[in-house]
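Architecture and fold: a report
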Amino acid sequence: MLDLLLRRSRAATMLALLLAGCAGGADSPTAPAPAPDAGTAATAAAVRPAAVPLTGAATDYDALLAMVGDARVVLLGEATHGTHEFYRERARITRRLVLEKGFTAVAVEGDWPRAARVHRYVAGAGSDRGAEQALGHFTEFPVWMWRNAEVRDLVEWMRAHNAALPAGAPRVGFHGLDVYSLALSADEVVAYLERVDPAAADRARARYACFRRFRDEPQSYGLAVAGGTASCQAQAAEQVRELQGRTADAAGRAALFDAQRNAAVVAGAEAYFRGLYEPGVSTWNLRDRHMMATLEALLAEPVPGGAPARVVVWAHNTHVGDARATEMGEAGELSLGQLARERFGERSVRVGFTTYAGTVVAAREWGSPGERREVRPSLPGSFGEVFHAVGHSAFLLPLRGGAAAGALEEPRLERAIGVVYVPGTERQSHYFRARLPQQFDAVVHWDRTQAVQPLAR
């Protein structure tokens, strides 16, 4: 969710916000893109024979489905958090993974308790009357990231798919991987225990009282701990242990699992917000390790019929790719895609999504409203420019053992736009160097993209 500069150390975060402020106001006019140099043109020519044009046909992603094989995890990325084509194409791939490969869950870069409401809706439970209402729990910045028309359409498809399945067949679920929902997850733990064990609910309430004064501004918890206030780490960990020791019959298993994950979120959020002010702590790494733990928990849950769980992940390219192939990895940062590759090897598949230019929904600074913004043409020599020079409006590029991998071996600039877009400092704010064939197993490129369509609030 965070922009490239916003996920560095605290000092770098402050620098990013300063740069964002200096570049405020209207977006700068988009200058005409120069013709690619000879090296870029040669690389594009080498890549072109391996590029599979995307035409909207049912066979568009056959090569990707063949690569997936019996993989347990497919990670679908995005170069921005606000691009229509990225959401739409991930939905197309996801539907095929569910229908043709038996995938049982969609896990997104969103909060567990907010996604749980959507999960109940797609399962045919809960009181929501439609996907828009089910997505209404995503009320905090950036609201457009999951409350948009493209996600709504996927959620409605998931509900219809589940409703049409015979009794006992595995249903596809919708889950959140992220770590920010400290107060909401604590509330969900207590609410669950109130229903099944009021005495245990009292214990949970007493433990979580430690966080009460930080409820509205959880980042202030880390500042308070750094200033000498006693931390809540032990209380959060104790609640995780108690819930892990509980058991439930088959009818109550889903509710217990939900509570266990919420307790894990509280513990993860405590570490994350405390780490914001601890020297030498990478909160990015804490966050991606938490996402990996959630993914592994989903994969460990039993599936009706005994088949192994299989999960498709939706997250930003910087989470989905293998960080070891990027300059962030060289600086000590890891990623969910890296952890999945280390855990599952070729039974995990990473797909990056790129664009050359277009529009995007993004904020001008952290916490400000999302707006439809112009995305500048990709910088000279970047992967975006190479793919633009390939000449297709959209294509799939297999990289795992593919002919294009050798041509793209040289490190190049890769663009990453999160929820904030600062075109005035784009090279510093939104680009990093990467070795694409080691970062991803395949890439989907959409040359000119449109902004995602947010739902009305």
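One structure accompanies this document, and this report is about it. As a convention, each chain's residues are numbered from 1 in the sequence order in which they are written. Since the coordinates come from a predicted model, pLDDT governs what is reported: local features require at least 70, and pairs of side-chain atoms require 80 or more to be given and counted, while whole-chain, interface and lining totals use all residues. Heavy atoms throughout the structure, all of them, feed into the side-chain values; hydrogens and water do not.

1. Observations regarding the pairing of strand 8 (residues 394–398)
Of all the 5 residues making up strand 8, 4 are buried; the element is thus mostly covered by neighbouring parts of the structure. Bridge analysis of strand 1 (residues 52–53) against strand 8 gives 2 bridges, and the strand direction is antiparallel. Residue pairing across strands places P53 opposite F395, the latter belonging to strand 8. Sheet topology note: the strand 8/strand 11 (residues 442–449) ladder contains 5 bridges and is antiparallel. Bridging across to strand 11, F395 finds its partner in H445. Think of it in three bands: residues with accessible area under 20% of the maximum for their type are buried, residues over 50% are exposed, and the middle band is partly exposed, with areas taken using a 1.4 Å probe on protein chains only. Counting from the N terminus, the helices are DSSP H or I runs at least four residues long and the strands are E runs at least two residues long. Strand pairing requires that DSSP identify at least two bridges connecting the strands.

2. Some thoughts on the nonpolar core
Throughout, nonpolar core names a set of buried Ala, Val, Leu, Ile, Met, Phe, Trp, Tyr and Cys residues whose side chains join them through atoms within 4.5 Å. The biggest cluster of nonpolar side chains holds 55 residues, and the ones touching the most others in it are L64, F174 and W314. Per-element accounting of this core gives the leading share, 6 residues, to helix 4 (residues 84–101). In this structure, F257, A315, F344 and F395 belong to the second largest nonpolar core, which totals 44 residues.

3. Quick look at the packing of helix 5 (residues 112–122) against helix 7 (residues 149–164)
One way to put it is that helix 5 packs onto helix 7 with a least axis distance of 8 Å and a crossing angle of 40°. The orientation of helix 5 relative to helix 7 falls into the category oblique. Facing V118, Y121 and V122 of helix 5, the residues of helix 7 in contact are V155, E156, M158, R159 and N162. All residues other than Ala, Val, Leu, Ile, Met, Phe, Trp, Tyr, Cys, Pro, Asp, Glu, Lys and Arg, Gly among them, are scored as polar; the first ten of these are nonpolar and the last four charged. When the residues that make up the contact of helix 5 with helix 7 are grouped by side-chain class, the tally is 5 nonpolar, 1 polar and 2 charged. Axes here refer to lines fitted to C-alpha atoms; in helices the fit is confined to the stretch in contact. Angles between the N-to-C directions go from 0 to 180 degrees. Angles are sorted into four bins: roughly parallel if under 35 degrees, roughly antiparallel if over 145, roughly perpendicular if 65 to 115, and oblique for all others. Whether two residues are in contact is decided by their heavy atoms, any of which lying within 4.5 Å being enough.

4. Things to note about helix 17 (residues 383–390)
In terms of burial, helix 17 is largely enclosed, as 6 of its 8 residues are buried. Burial in helix 17 covers these residues: F383, G384, E385, V386, F387 and V390. Looking one or two places after helix 17, you find G391, whose phi comes out positive at around 100°.

5. Regarding the pairing of strand 6 (residues 348–362)
A large share of strand 6 lies buried, amounting to 15 of its 15 residues. In this sheet, strand 6 lies alongside strand 2 (residues 73–76) in parallel orientation, the contact comprising 4 bridges. For L76, the partnering residue across the bridge sits in strand 6 and is V351. Pairing between strand 6 and strand 11: 7 bridges, direction parallel. Its bridge partner lying in strand 11, G352 is registered against V443. Two elements, strand 6 and strand 7 (residues 371–375), share 5 bridges in a ladder whose sense is antiparallel. In the sheet register, V360 faces strand 7, and the bridge partner there is R373.

6. Things to note about empty space enclosed by the protein
Using only the protein atoms, space was sampled on a 1 Å grid; points where a 1.4 Å probe fits but cannot get out form cavities, open sets with protein on both sides within 12 Å along at least five of seven lines form pockets, and lining residues are those with an atom within 4 Å of a point. Grid points are joined across faces, edges and corners, and a volume is the space filled by probe spheres set on the points. For the structure on display, the rule yields 2 cavities of 30 Å³ or more. The space that makes up the largest cavity amounts to roughly 100 Å³. The biggest single contributor to the lining of the largest cavity is strand 6, with 3 residues. Considering only residue class, the lining of the largest cavity consists of 5 nonpolar, 7 polar and 2 charged.

7. Thoughts on the packing of aromatic side chains
Here a pair means two rings of Phe, Tyr or Trp (six-membered ring of Trp) with centres within 6.5 Å. Their orientation is stacked below 30 degrees between planes, edge-to-face above 60, and tilted elsewhere. For the structure on display, the rule yields 13 aromatic pairs. Centroid distance Y180 to Y272: 5.3 Å. Interplanar angle 80°. Geometry classified as edge-to-face. On the criterion of sequence distance, the pair formed by Y180 in the loop between strand 4 (173–178) and helix 8 (182–196) and Y272 in helix 12 (residues 253–275) is long-range, its members being 92 residues apart. The same class applies to Y180 and to Y272, which are both buried.

8. Here we look at helix 16 (residues 336–344)
When we look at burial in helix 16, the residues that qualify are L336, G337, Q338, L339, A340 and F344. Of the surrounding elements, those touching the buried residues of helix 16 are strand 2, strand 4, helix 13 (283–300), strand 5 (311–314), helix 14 (317–320) and strand 6. Just downstream of helix 16 lies G345, where phi reads positive at about 60°.

9. Thoughts on the side chain of E270
Inspection of the secondary structure assignment puts E270 in helix 12. Here E270 falls in the buried class, since its relative accessible area comes to 2%. Apart from the residues within four sequence positions on either side, E270 is in contact with L182, F211, Y221, S231, C232 and Q233.

10. What to know about the state of the cysteines
Put plainly, two cysteines are in a disulfide when a covalent bond ties their sulfur atoms together. Only a pair of cysteine sulfur atoms within 2.5 Å qualifies as a disulfide here. Taken as a whole, this structure holds 1 disulfide when the rule is applied. The residue that forms a disulfide with C210 is C232, at a sulfur-sulfur distance of 1.9 Å. Disulfide C210-C232: torsion about the S-S bond near -85°, hence left-handed. Here the residue C210 occupies a position in the loop between helix 9 (198–208) and helix 10 (219–226), and C232 occupies one in the loop between helix 10 and helix 11 (233–244), the gap between them amounting to 22 residues.

11. Some points on the packing of helix 4 against helix 7
Closest axis-to-axis distance for the helix 4/helix 7 pair is 9 Å, and the angle between their directions is 15°. In terms of axis orientation, helix 4 runs roughly parallel to helix 7. In this structure, helix 4 meets helix 7 at a crossing whose hand is right-handed. Across the interface between the two elements, H84, Y87, R88, A91, T94, R95, V98 and L99 from helix 4 touch E150, V151, L154, W157 and H161 from helix 7. Each helix crossing is assigned a hand: it is left-handed if the near helix lies turned anticlockwise from the far helix by less than a right angle, otherwise right-handed if that turn is clockwise.

12. What about the layout of surface pockets?
Gaps left between atoms show up when a probe the size of a water molecule is rolled over them. Its boundaries defined by the atoms lining it, the second largest pocket holds a volume of some 920 Å³. Lining of the second largest pocket is provided by 32 residues; of these, H119, H175, A254, F257 and E301 occupy positions nearest its centre. Of all the secondary-structure elements, those providing two or more residues to the lining of the second largest pocket are helix 5, strand 4, helix 8 and helix 12. Considering each element in turn, the lining of the second largest pocket owes the most residues, 5 residues, to helix 12. Considered class by class, the residues forming the lining of the second largest pocket number 20 nonpolar, 5 polar and 7 charged.

As far as function goes, none of this settles anything; it's purely spatial.
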